[in-house]
Amino acid sequence: MLDSTKPGLRPRIAPAGLMFLAITSIGWGFNWPVTKFLLAELPPLTLRGVTGVLGAALLAALALVRGDSLKVASEIWPRLVVAAILNVTGWMVLMGLALLWLPASEAALIAYTMPVWAALIAWPVLGERPTVLRTIALVMAFAGLASIMGGNGFAASEEKLPGIIMALAGAAGFALGTVLLKKYPIKLPPITAAAWQIGLGCLPVAIAGLALETSHLDLVTPIGWALLVYSTVVQFCIAYVSWFAALSRLPASVAAIGTMAVPVIGVVASAIALHEPLGAGQIAALIFTLAAVLLATR
């Protein structure tokens, strides 16, 4: 297998990596309407932080059942902490705060500029030169995401500037974390690595939420409790483990472009579950984005 870290060599696209990437995209895509529903019943930092800590605990228990060690060598800790901050803490906090200034659709659109930053960072850091097909894929993916906005327009006013900055910072941070994980892989069993990253990343978010926010668990509906289980098990356990598994098998830029299916899945799922609009713009976005993913993975 070719080494994707060496300039001039074309990285190999592993079928298993594409499968894990699809699982990640579906799990994270459905989590958009899930989170939107839950934010009406629980405050944002508590919701994201506590479910993440619980998810990490479940992953740690699964690792022990499988016979994997949770021990981390001293030289791995710095990589683990940096990955947790960039890929978990920063993403959750910045995207959650961005939603205070932005509609969810606009926040999602900015969030998934992440592949652009990943592709740009991967070129000098990993030597992954953008191919013509991958460049076309990026253009098509952003055409698809722009279609989500439809006739509503972007309307980036001064009032939205804080949200725009936070969403861009979260996207750039996640992209940097993605590339650094390829450059400096965390040599741990996949479930162990995911448990530590999610746990370290979500613990400060949970502490901040419990200290600063007020939760009324007695007001959480039965549907809310069921969706909390989804958010904990599917988003943090299944989807994050699949993401790390995909990242270990795919070039960073391909993995990043593949995640652009997430907001489209989120829009379609929101239309079905929350009765949000699903018109020509959303359908065009689905076509553009799926075509982009196919091009990126050739």
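The protein has the name DMT family transporter in an unreviewed UniProt entry, where Bradyrhizobium commune is given as its organism. Entered under Subcellular location (unreviewed entry) in the UniProt record, the comment concerning the protein runs "Cell membrane".

Mapped onto the secondary structure, A137 falls in helix α6 (residues 132-149). The sequence separation of A137 and G258 amounts to 121 residues, and the corresponding C-alpha distance is 9.9 Å.

Our focus in this paragraph is the environment of W225. Relative to the helices and strands, W225 resides in helix α9 (residues 222-249). Considered as a pair, W225 and E41 are 184 residues apart in the sequence and their alpha carbons are 10.0 Å apart. Sequence-distant contacts of W225, defined by excluding residues within four places in its chain, comprise L217 and V220.

Take the packing of helix α1 (residues 15-38) against α9 next. At a closest axis distance of 8 Å, the pairing of α1 and α9 adopts a crossing angle of 150°. The angle between α1 and α9 falls in the class roughly antiparallel. You can see that α1 and α9 cross each other, and the crossing is left-handed. In the contact of α1 with α9, the residues fall into 21 nonpolar, eight polar and one charged.

All right, on to the environment of A118 then. Tracing the sequence through the fold places A118 in helix α5 (residues 114-126). Take A118: its relative accessible area is 0%, and that puts it in the buried class. Sequence separation of A118 and A171 is 53 residues, and the distance between their C-alpha atoms is 9.1 Å. Sequence-distant contacts of A118, defined by excluding residues within four places in its chain, comprise A175, V179 and A256.

Right, let's get into a nonpolar patch on the surface. A cluster of nonpolar side chains, namely M19, I23, L58, V229, V233 and I238, defines an oily patch on the protein surface of about 480 Å² accessible area. Elements with a minimum of two residues in the nonpolar patch: α1 and α9. The greatest single-element share of the nonpolar patch, amounting to three residues, is contributed by α9. Relative to the helices and strands, I238 resides in helix α9.

A few words on the pattern of salt bridges. Inspection of every chain in the model, using the stated rule, returns one salt bridge. As a salt-bridge pair, D68 and R66 come within 3.4 Å of each other at their nearest N and O atoms.

Moving on: the nonpolar core. Counting residues in hydrophobic clusters, the biggest one holds 53 residues, and the most contacted among them are L59, I186 and W243. For this core, the leading source of residues is α9, giving nine residues. Ignoring sequence-local partners within four residues, the contact set of L59 consists of I191, A194, A195, I198, F236, C237 and V241. Within the second largest apolar cluster, seven residues are counted, among which are L38, L47, L227 and L228.

Cut-offs and rules
Residues numbered from 1 in each chain as written. Predicted model: local features only at pLDDT ≥ 70, side-chain atom pairs only at ≥ 80, totals over all residues. Heavy atoms only, no water. UniProt positions renumbered as here; feature names shortened; annotations may be inferred. Helix = DSSP H or I, 4+ residues; strand = E, 2+ residues; numbered from the N terminus. Contact = heavy atoms within 4.5 Å. Axes fitted to C-alpha atoms, helices over the stretch in contact; angles between N-to-C directions. Parallel < 35°, antiparallel > 145°, perpendicular 65-115°, else oblique. Left-handed = near helix turned anticlockwise from the far one by under 90°. Nonpolar A, V, L, I, M, F, W, Y, C, P; charged D, E, K, R; others polar. Buried < 20%, exposed > 50% of the residue type's maximum accessible area, 1.4 Å probe, protein only. Patch = residues over 30% accessible without salt bridge, like charges linked within 9 Å, V, L, I, M, F, W, Y side chains within 5 Å. Areas by Shrake-Rupley, 256 points an atom, 1.4 Å probe, with all protein chains shown as cover. Salt bridge = Lys/Arg side-chain N within 4 Å of Asp/Glu carboxyl O. Core = buried A, V, L, I, M, F, W, Y, C linked by side-chain atoms within 4.5 Å.

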